[in-house]
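Chain and residue survey
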Amino acid sequence: MKTAICVRQLNKQYGHKQILKDVNMTLEEGQIYGLIGKNGVGKTTLMRILTGLAFKTDGEFSIFGEKKDSELEEQRHRIGTMIETPAFFPYMTAKQNLEYYRIQRGIVDKEMVDEVLETVDLQDTNKKQFKNFSLGMKQRLGLALALLNSPDLLILDEPINGLDPQGIAEFRAVLKRLNVEKQITMLISSHILLELSSIATYYGFMKDGQMAEEISAVELEEKCKAYVQIQVQDPAKIARLMERELTGVQYEVLEQGILKIYGCNDDPSIISDLVVQNGVKLYSLEVKKTQLEDYFLNLIGGRQ
């Protein structure tokens, strides 16, 4: 798998304020990378540096394997961005707005305007003016603008922020289609994990200007899978019994006689029978599951 973006020990400082602190990040081609963190942790600053809208203080990064300034500029032509809200003309239609930007950016292919409008499901807006668009339609037009240069990589900053549930669903459906059908790699930021949980294949969790954790969607789902939690008198004995008598069961031993047991949540009576039949006192047993949002909040430190 080839690397689209590689960030190493990246720092950004404004005056005496450190915005990014030794950030490391790896985005592989084909991934939908969810960059998650509270507002103000440095997500937008990182994206602005990658796209050339801001300069790093120190550290390094590469885009499609290139890291020299001249080569970075060349690779940035392969990126479509939605970082700052595009200035669309309120009394122009979707097609007229995109035609303006096509000419301004020197994109020769006139058919691209109709193509990207169809991609984001805005092909039937006809003479409807931008000022009369819903927020979801405005966001999809912003995405259409980001697609105008046929990018290999999309960098989208909070693209579904403020959308209603229908708008979020529509936007996510477009992003999924772009990733699957056109193999476009994506870096998408949000301060709400659940907004990206149905499309992201990889996550980076940011806290206080640092990358707290990078994890695949598969690994995150594994960490958040259901488990049986028991509290017993003799956890060491139960651990030995499980290893000897139960196949395919994994466990963690915590403090105060508590064990987390994975692989038997469909029939927790297997565990209770094992405990009771071997003369160990069982104080409590319950089936639990760590929610994605709880995992995120525990990692980055509580609610906003």
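Anyway, here's the lowdown on the structure attached to this text. Bear in mind that the values here come from a model prediction, so they are computed numbers and not experimental data. (Residues numbered from 1 in each chain as written. Predicted model: local features only at pLDDT ≥ 70, side-chain atom pairs only at ≥ 80, totals over all residues. Heavy atoms only, no water.)

Brief notes about the packing of helix α9 (residues 235-245) against helix α10 (residues 269-277)
Quick reminder of the rule: Each axis is a line fitted through C-alpha atoms, and for a helix only the stretch in contact is used; angles between axes span 0 to 180 degrees, taken between their N-to-C directions. Going along the chain from the N terminus, every DSSP run of H or I of four or more residues is numbered as a helix, and every run of E of two or more is numbered as a strand. With respect to orientation, any angle under 35 degrees is reported as roughly parallel, any angle over 145 as roughly antiparallel, any angle of 65 to 115 as roughly perpendicular, and every other angle as oblique. Definitions for this section: a left-handed crossing has its near helix turned counterclockwise from the far helix by less than a right angle. A right-handed crossing has that turn clockwise. We call two residues contacting when some pair of their heavy atoms lies within 4.5 Å. Just so you know the grouping, Ala, Val, Leu, Ile, Met, Phe, Trp, Tyr, Cys and Pro go in nonpolar, Asp, Glu, Lys and Arg go in charged, and all remaining residues, Gly too, go in polar.
With their axes 11 Å apart at the nearest point, α9 and α10 run at an angle of 120° to one another. Overall, the two elements α9 and α10 adopt an arrangement that is oblique. Crossing hand, α9 versus α10: right-handed. In this structure, α9 uses Ile238, Leu241, Met242 and Glu245 to contact α10, whose residues at the interface are Ile271, Leu274 and Val275. Residues belonging to the contact of α9 with α10 are distributed by class as follows: 6 nonpolar, no polar and 1 charged.

Description of the nonpolar core
Defined as follows: As used in this record, nonpolar core signifies buried Ala, Val, Leu, Ile, Met, Phe, Trp, Tyr and Cys residues forming a set joined through side-chain atoms within 4.5 Å. Exposure is judged per residue with a 1.4 Å probe applied to protein chains only, and the accessible area is read against the type maximum: over 50% gives exposed, under 20% gives buried, and values in between give partly exposed.
Within the largest apolar cluster, 50 residues are counted, with the highest numbers of intra-cluster contacts made by Leu141, Leu143, Leu154 and Phe205. Take this core: its biggest share by element is 6 residues, from helix α5 (residues 135-146). Beyond its immediate chain neighbours, meaning those up to four positions away, Leu143 contacts Met82, Val120, Leu154, Leu156, Phe171, Val174, Leu175 and Leu178. Leu46, Leu50, Ile63 and Met211 belong to the second-largest nonpolar core, a separate cluster that totals 28 residues.

Let's talk about the packing of α5 against helix α6 (residues 165-182)
Look at α5 against α6: their axes get within 10 Å of each other, and the N-to-C directions meet at 20°. Between α5 and α6, the angle falls in the class roughly parallel. As for how α5 packs across α6, the hand of that crossing is right-handed. Facing α5, whose interface residues are Gln139, Arg140 and Leu143, α6 presents Glu170, Phe171, Val174, Leu175 and Leu178. Looking at the contact of α5 with α6, its residues break down into 5 nonpolar, 1 polar and 2 charged.

A closer look at the sheet that holds strand β6 (residues 153-157)
The strands making up a sheet associate through hydrogen bonds between their backbones, and the pairing can be parallel or antiparallel. Stated formally: At least two DSSP bridges between two strands are required for those strands to pair.
Reading across the sheet, the 6 strands line up as β5-β6-β7-β3-β8-β9 and stay open at both edges, with mixed pairing between neighbours. Each edge of the open sheet carries a strand with a single partner, namely β5 (79-82) and β9 (210-216). Pairs of neighbouring strands in the sheet enclose a mean axial angle of 15°, with direction left out of account. Note: β5 against β6, 4 bridges, orientation parallel. Within the sheet, the bridge partner assigned to Met82 lies in β6 and is Leu156. Helix α11 (residues 292-300) contacts β3 (32-36), β8 (202-207) and β9 of the sheet and is inclined by roughly 40° relative to β8.

Function-wise, these values are silent; they only describe arrangement.
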